[in-house]
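Spelled out from the first residue to the last, the chains are:
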Amino acid sequence: MAEDTISAVITALGEGAVGIVRISGERALAVGERLFRAASGKALAAYAANTMVYGHVYDEDCSLVDEVLAVYMRGPRSYTAEDVVEIQCHGGLQSLKKILALTYAAGARPAEAGEFTKRAFLNGRIDLTQAEAVMDIIRSRSEASLKLAARQQQGQLARELRKLRSALVDVVVNLEAVIDYPEEDIEDVTYARVEESVAGCGAAIDKLLAHAHTGKILREGLRTAIVGKPNVGKSSLLNALLKEERAIVSQYAGTTRDVIEEQLLLDGVPLVLADTAGIRSTDDFVEKIGVEKSRQLLQDAELVICVVDGSEGLTAEDEAILAAASGKPCVIIVNKSDLGLSMDLEALRERFGRDKVMTLSAKTLSGVEDFSAWLKNYVYGSEGTLSDGAYVQNARQERLLREARQSLAEAGEAAAAMLPYDCIEIDVRNAIDLLGEITGDTVQDEIINEIFSRFCIGK
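Computed from a predicted model, the values in this text were never measured in an experiment. (Residues numbered from 1 in each chain as written. Predicted model: local features only at pLDDT ≥ 70, side-chain atom pairs only at ≥ 80, totals over all residues. Heavy atoms only, no water.)

Across the seven residues of strand S2 (residues 18-24), six count as buried, placing the element largely inside the fold. As judged from the four bridges shared by strand S1 (residues 6-9) and S2, these two strands associate in the antiparallel manner. The partner of Ile6 across the bridge, within S2, is Ser24. Both S2 and strand S6 (residues 84-90) contribute to a ladder of seven bridges, which runs antiparallel. Residue pairing in the sheet places Ile20 in a bridge with Gln88 of S6. (Buried < 20%, exposed > 50% of the residue type's maximum accessible area, 1.4 Å probe, protein only. Helix = DSSP H or I, 4+ residues; strand = E, 2+ residues; numbered from the N terminus. Pairing = 2+ DSSP bridges.)

Written out as structure tokens, the structure is:
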């Protein structure tokens, strides 16, 4: 219940210099004053809001628990936009557990996962994209993902979406005016304006969707599978990218029999990199299991790195692997360039695209920088870096944007065909509602609960 006063430890549990217990709600000050005594002898309420006060926390039997600092933040100028008291104690587990238990005894209840941020959203301090950005900041895997999440937290995407909603609301207003006053002869002008407005909003959504994969990759990491037949240098490539001897490398085919998965940052791009067993027909029971895992990873990967041996031509095994990777984002690494190339690179580039075939030597590291540059372009676009502007950061936002885009396309088609205004209005209103679901303006309670259930306790 939103009217309840809640409390939780908001710092990571474990030994540390400082730990913080947050209390939020109508009775936050009363709960805080039950266990905190300022060294000055004054009540916490006697100090100006947002003032850090030195004192101690005492148990119900007046025994000392810890030396602390306490601060009272009066709503709405707090994280939750409610009255908040935070107690900073020593970061030991027992101290935090004891102080938290005292808040419960004083009338607070345990905060649910994400409940502090949920209250900030429900109280209008932040929108849903900003709330989601809070966890993105916490889980950032790179400087780029942190930068992007911080932009979201400042409301960059929400501002862009609200501009689009405002433009579409204007369309609805114009349509309703024509519906209410059918005697006015403005049909052609209205249809043209609808097409123009819908096309403009659709183009703006297309721009957001064009970079949707960037936000997702920076937030979750790019699931990448290194595939190829045995002994083409997949493990050597993994070691070259990791800059350490992570995978065993030998001249014998089939050395890698299981999947080796590692996480790394490659020029700021977080990769979840899987070195797979060589894909081939085999009677070896253990190797056969590894090959099946490799095939499954190939299907599940968001990016496939197909490695072929450049010192020989494409074999039937290579062709089968390339065929299996077709239809997926894929880059072809022609390895062992230090041994001389016997492969027809031009033919390969004609088949798969000039920018998707590159030579490399995992042994000498020649070409690794070119691959890093390709990867940055794949993630960020032609700029090769995180550009200014709003980004979509999760699958929920992307799905709603695609549905809104479809509604606008249907509205544009209806306007072009001069269908009844009511038909057009339904599609435009649907797009408005879908965009509102992203920011939380029109979202249902069960969706809100699902989103915040993924947050950690204390956030």
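From this point on, the discussion continues.
Time to look at the sheet that holds S2. Reading across from one edge, S3-S4-S5-S6-S2-S1-S7 is the order of the seven strands in this open sheet, with mixed pairing throughout. The sheet terminates laterally at strand S3 (36-38) and strand S7 (109-110), the two strands that pair on one side only. Where helix H2 (residues 93-105) meets the sheet, its contacts fall on S1, S2, strand S4 (52-58), strand S5 (64-73), S6 and S7, and the angle it forms with S2 comes to roughly 10°. Contacts from helix H3 (residues 115-122) reach S1, S2 and S7 within the one sheet, and its direction differs from that of S1 by about 135°. (Contact = heavy atoms within 4.5 Å. Axes fitted to C-alpha atoms, helices over the stretch in contact; angles between N-to-C directions.)

Further remarks concern the side chain of Asp127. Checked against the element boundaries, Asp127 lands in the loop between H3 and helix H4 (128-138). Judged by its relative accessible area of 6%, Asp127 falls in the buried class. A distance of 2.5 Å separates the side chain of Asp127 from the side chain of Thr129, its partner in a polar contact. If sequence neighbours within four positions are ignored, Asp127 has contacts with Phe121, Ala158, Arg162 and Thr439. (Polar contact = N/O pair within 3.5 Å; in protein donor to acceptor, adjacent residues only side chain to side chain.)

What follows covers the sheet that holds strand S12 (residues 330-335). Pairing in this open sheet of six strands is mixed, and the strands run S9-S10-S8-S11-S12-S13 from one edge to the other. Each edge of the open sheet is held by one strand with a lone partner, namely strand S9 (260-266) and strand S13 (357-359). This sheet shows a mean twist of 25° between the axes of neighbouring strands, independent of strand direction. With four bridges connecting them, strand S8 (residues 222-227) and strand S11 (residues 303-309) associate as parallel partners. Bridging from a neighbouring strand, Thr224 pairs with Leu303 of S11. Sitting on the sheet, helix H8 (residues 212-220) is in contact with S8 and strand S10 (269-275), with an inclination near 70° to S10.

Taking 1.5 Å of rise per residue, the 13 residues of helix H13 (residues 368-380) would be expected to cover 18 Å, and the 18 Å separating its terminal C-alpha atoms lies within 8% of that figure. Of the residues one or two after H13, Gly381 is the one with positive phi, at around 95°. (Expected span 1.5 Å × (residues − 1).)

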